[in-house]
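Here are the chains, one letter per residue:
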Amino acid sequence: MNSTRRNFLKASAALGAACSVGFPDIWIKNASLAHAAGGEVKVGILYSLTGTTAIIEKSLNQACLMAIEEINAAGGINGMQIKPVVEDPASDPATFAEKARKLVLGDKCVSLFGSYTSASRKAVLPVVEKYHNLYWYPTLYEGRECSQNVIYTGAVPNQQQQDFVPWLVKNFGKKFYLIGSNYIYPKEENNVCKILLKRLGGEVVGEEYVPLGHSEFSSVIQKIKDTQPNVIFSTVVGDSVVALHRQYKAAGLDPAKMPMASLTTSEEEIAAMGGEFAEGHFTSAPYFMSYDSPENQKFVAAFKKKYGPDKVTNFVSEPAYFQVYLFKQAVEKLGGKDITPPEIRKASWDQEFKAPQGVVKIDPKNSHTYLWPKIGEAQRNGQFKIIEQSKESIEPKPYWAYPGQVCTPEGLKQA
Amino acid sequence: MTDTNSMRWRLTGYVLFCVIILVFPYILNNDYLLNKYARYLIFGVLSAALSFSWGYTGILNLGQAVSFGLGSYAMAMALKLRTIPIQTGAGGLPDFMVWNNVKALPWFWEPFHSYTFAVFAGLGIPMLLAFVLGWFMFRGRITGVFVAIITLAMLVVINLVIVDQQKYTGGFNGITDLSTFKAFGVGFDAYSLSTYYLVAGTLCVVLLGGLAITRTKLGLILQAIRDDENRVRYFGYDVASYQNFAFTLSAGVAGFAGMLYTLVMEFASPTFLSVQLSLSIVIWCAVGGRGSLLGAALGAILVTGVQGNLSESPTFLDTWMLIMGAIFIIVVLFLPNGLISLAEKGVRLLKHKSARETATHPVAGAAIATFDSKRVRES
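Residues numbered from 1 in each chain as written. Chains lettered and ligands numbered in written order. Predicted model: local features only at pLDDT ≥ 70, side-chain atom pairs only at ≥ 80, totals over all residues. Heavy atoms only, no water.

Visitor: Would you mind going over a nonpolar patch on the surface with me for this structure?
Guide: On the surface, a cluster of nonpolar side chains totalling about 530 Å² of accessible area is made up of B:Leu128, B:Phe131, B:Val132, B:Trp135 and B:Phe136. Looking at the element boundaries, B:Val132 is found in helix α5 (residues 115-139). (Patch = residues over 30% accessible without salt bridge, like charges linked within 9 Å, V, L, I, M, F, W, Y side chains within 5 Å. Areas by Shrake-Rupley, 256 points an atom, 1.4 Å probe, with all protein chains shown as cover. Salt bridge = Lys/Arg side-chain N within 4 Å of Asp/Glu carboxyl O. Helix = DSSP H or I, 4+ residues; strand = E, 2+ residues; numbered from the N terminus.)

If you want it as structure tokens, here you go:
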């Protein structure tokens, strides 16, 4: 028995070596045949339906499926129906990787739509990169990524901040207190904020990171009282947002004098904390549910009709919705050609779509998206009043804070 | 007599299982499935390791994922230092360190330039940690539920440290964007046959090696400690050392499984040392049968396999968690010694065993029977 095993191991080593040479080519040829077959376009949907981030990700799943349904009802793509394969990655990065492999290798989907957290996107990257698939990622994130196998439709730091920070300085003052949850997104946003402040002659009077899920802000609020900033710049996420707003109000601070300026507080968080705690604070995002455009009215009405009158749309579910349309246009553009993920990627460049937030466009330089940042003031009724909107859509610069590094269609370049 | 007989059956079962997993790629050579099953087999290794400390020695380690995660990080650190330089900072500094404004590679990352060091670290760090923790626990005669609480606390602490120290660990995202492991001229790509065989071979060695240990005097003492610690102590054995041996060995195997997991998943994440995963290992072990290494391994493979396939079927997309929960409850209620006890009952029926034997502990029945007779003689 022992010798058998040894032989197996030897054979396997040889086979393994043989396999790793020259096998990607074969696979891709087969894949392109599989992708085009059947008169339908198979896509994978990878948003958690269970686990810690399920509440928000479910809204992304719903927005995505609604878009697919609308497209199919209107005749599909060049007569082909989009066939969604829905998986539940259970808010766990390892499960994200497992399901992504199933969708890419097992189901041979031509694109995947998914992820809310950066951790889950990072877990999916190895498989989409190795097998040249395409991942459509709807969430605002920290930037600094230049994958040739991802289309990013959420905002990167420069888009959320380049109008917001000057506006805050102009209206409230130059002293900022930075507070965020302790992970990469807040740190990166604050790196950008600090650069912008320096240009404007502002100063950072405090910088604080709290663990994810943290709910005790009394020491932070004491420091804020001591340093008296003009703006509290917040990138706190999740349940901590609720605790921070409530304790801010309990401490007797006044939003008119020292507002919280957030990149992460959406209608969902306000619903969880209650409008009276959010009132008077500001958020910068490309989309608010209250935004007045015919496309948005249609989007919100359709969403409520399909999933219930109490449902809210937010700045992540809106890209989860419009990115399916961008995908559709890209596949449409391919016409009779083989529908393969790399071809879809190329065809998606420069695609424009009239999204609920405005006309969005995929930047061919870095596969991120031109967006329409807005500044919203939270209202007692849980919605945002839109105070400012950029005059034109803002170019995505995922390496904005890092001069010398440029994202190109061939990957990251060091200038 | 019956003892050797039952051993023969058990050995047949173990060997049959090893043959199946080794032949498997010849039946189904598909890189996606190889990768998928390699992942399940790693859970099998992890679960068998827990069975060694829990089922055989009576140490319920709720922090098994610590060893697994540390092994995974050790491998990921070595692979991270070999990624293509453009994705990293000056001098090959990992990307997440650049984002966190770290200027130079921290000292404890330096040795991971060497694969040899990384492999020894992946084994050695979990073992050292387990040994030190075990030394304090078992010398202090801490047993039962308190061991479970301490190991669980250890897990939470280490997990928090890793998430918090993102400058050095990649924090919440873990260590991603890794190169492929190469050793002795063979590349271990996540989807390759070589990786599958590395994993399957490890599981075979762990199962057969583990079975061999349980048959030695050492193994019998471990099982005796599980059944009655004080009695063994009165016999003059140094119980704490035996317990620590099982605890540390189990940690080493889990650490090795963690290294393999990084190869198969292509990243390391703090969720690999999550409470959720650690409790899952206990569930796999309980479902399969904690008193049998093979049972525990099968439990892991079955539970994760069923879970994977159930959640992939559109019919069960919304209900798969409920179904898994129901399965666990049913097994724990009706098969307290796990699914493997079904097989053992089957064997016994086949052999028309006497009623006396059925009454003894059905899982480690044979081993205990030996000890029982010894005990009777000595008392």
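Visitor: Please explain the domain arrangement of chain A as it appears in this structure.
Guide: Bring the parts together and some accessible area is lost; that lost area is often taken as the interface size. Residue and element names in this part refer to chain A. On domain assignment, one finds that chain A holds domain 1 (23-155 + 291-372) and domain 2 (159-285). If you average the C-alpha positions of domain 1 and of domain 2, the two centres end up 31 Å apart. Counting residues at the interface gives 16 residues for domain 1, matched by 14 residues for domain 2. Its largest share of buried area at the contact with domain 2, domain 1 owes to Leu140, Glu142 and Phe315, together 46% of the area lost on that side. (Domains from an automatic or database assignment. Contact = heavy atoms within 4.5 Å. Buried area = accessible area lost by both parts, 1.4 Å probe.)

Visitor: Would you mind showing me how to read the interface of chain B and chain A here?
Guide: Across the contact, 43 residues belong to chain B and 49 residues belong to chain A. Summed over both partners, the interface of chain B with chain A comes to about 4400 Å²; 60% of that surface belongs to carbon and sulfur atoms. Across the chain B-chain A interface, the total number found is 5 salt bridges. Secondary structure elements with two or more residues in the side of chain B that touches chain A: α1 (2-27), α2 (31-53), α4 (95-99), α8 (193-215), α11 (239-265), α13 (293-312) and α14 (320-334) of chain B. Residue contributions to the side of chain B that touches chain A peak at 6 residues, all from α8(B). When grouped by side-chain class, the residues that make up the side of chain B that touches chain A number 26 nonpolar, 11 polar and 6 charged. (Nonpolar A, V, L, I, M, F, W, Y, C, P; charged D, E, K, R; others polar.)

Visitor: Help me understand the sheet that holds strand β10 (residues 282-285) of chain A, please; the structure alone is not making it clear to me.
Guide: Hydrogen bonds along the backbone pair up the strands of a sheet, which may run parallel or antiparallel. Residues and elements named next belong to chain A. The mixed open sheet is built from 7 strands, whose spatial order is β7-β6-β8-β9-β10-β14-β15. Since the sheet does not close on itself, it has two edges, and those belong to β7 (203-210) and β15 (384-389), each with one partner. Sheet twist, expressed as the average angle between the axes of neighbouring strands with direction ignored, equals 25°. Note: strand β9 (residues 260-262) against β10, 2 bridges, orientation parallel. Each residue of the ladder has a partner; that of alanine 261, found in β10, is phenylalanine 282. (Pairing = 2+ DSSP bridges. Axes fitted to C-alpha atoms, helices over the stretch in contact; angles between N-to-C directions.)

Visitor: Sorry, what's going on with the state of the cysteines here?
Guide: Formally, a disulfide is one covalent bond, and it connects the sulfur atom of one cysteine to the sulfur atom of another. Residue and element names in this part refer to chain A. Applying the stated criterion across every chain yields a total of 1 disulfide over all chains. One disulfide in the model links cysteine 146 with cysteine 407; its S-S distance is 2.0 Å. For the disulfide bridge between cysteine 146 and cysteine 407, the dihedral angle about the S-S bond is near 85°, and by the sign convention the bridge is right-handed. Taken together, the residues span a long stretch of sequence, with cysteine 146 in the loop between β4 (135-137) and β5 (150-152) and cysteine 407 in strand β16 (residues 405-408) at a distance of 261 residues. Overall, cysteine 407 belongs to the buried group, its relative accessible area being 8%. Take cysteine 64: it sits in no disulfide, and the sulfur closest to it among the cysteines is that of cysteine 109, at 11 Å. Classification of cysteine 64 as buried rests on a relative accessible area of 0%. (Disulfide = S-S within 2.5 Å. Buried < 20%, exposed > 50% of the residue type's maximum accessible area, 1.4 Å probe, protein only.)

Visitor: Is there a simple way to think about helix α5 (residues 118-130) of chain A in this case?
Guide: Helical periodicity: at 3.6 residues per turn, an α-helix aligns residues three or four positions apart in one direction. The end-to-end C-alpha separation of α5(A) is 19 Å, in line with the 18 Å expected for 13 residues at 1.5 Å each. Along α5(A), the sharpest change in direction is near 35° and occurs at A:Val124; proline A:Pro126 comes one to four residues later. Across the 13 residues of α5(A), 11 count as buried, placing the element largely inside the fold. Lining the buried residues of α5(A) we find β1 (40-46), α4 (93-106), β3 (111-114), β4 and β5 of chain A together with α4 of chain B. Where α5(A) terminates, the next one or two residues include A:His132, which has phi positive at roughly 50°. (Expected span 1.5 Å × (residues − 1). Bend = angle between axes of the 7 residues up to and from the residue.)

Visitor: In this structure, what is going on with the nonpolar core? I would like to understand it.
Guide: As a rule of thumb, soluble globular proteins bury nonpolar side chains together. In terms of nonpolar packing, the biggest core is built from 199 residues, with A:Phe176, A:Phe233, A:Phe327 and A:Ile344 touching the most fellow members. At 12 residues, α2(B) tops the list of elements feeding residues into this core. With near-sequence residues (within four places) excluded, A:Ile344 lies in contact with A:Val110, A:Ser111, A:Leu134, A:Trp136, A:Phe327, A:Ala330, A:Val331, A:Leu334 and A:Ile339. Among the nonpolar cores identified, the runner-up in size contains 24 residues, and A:Val150, A:Val156, B:Leu33 and B:Ala190 belong to it. (Core = buried A, V, L, I, M, F, W, Y, C linked by side-chain atoms within 4.5 Å.)

Visitor: Quick question: what am I supposed to make of the packing of helix α3 (residues 54-73) of chain A against helix α13 (residues 294-307) of chain A here?
Guide: The relative placement of two packed helices is expressed as an angle between their axes plus a distance between the axes. Residues and elements named next belong to chain A. Contact geometry of α3 with α13 gives a least axis separation of 11 Å together with a crossing angle of 105°. As judged from the angle between their axes, α3 and α13 are roughly perpendicular. Between α3 and α13, the contacting residues are Ser59, Gln62, Ala63, Leu65, Met66, Glu69 and Glu70 on the first element and Phe299, Ala302, Phe303, Lys306 and Tyr307 on the second. Among the residues making up the contact of α3 with α13, the classes are represented as 7 nonpolar, 2 polar and 3 charged. (Parallel < 35°, antiparallel > 145°, perpendicular 65-115°, else oblique.)

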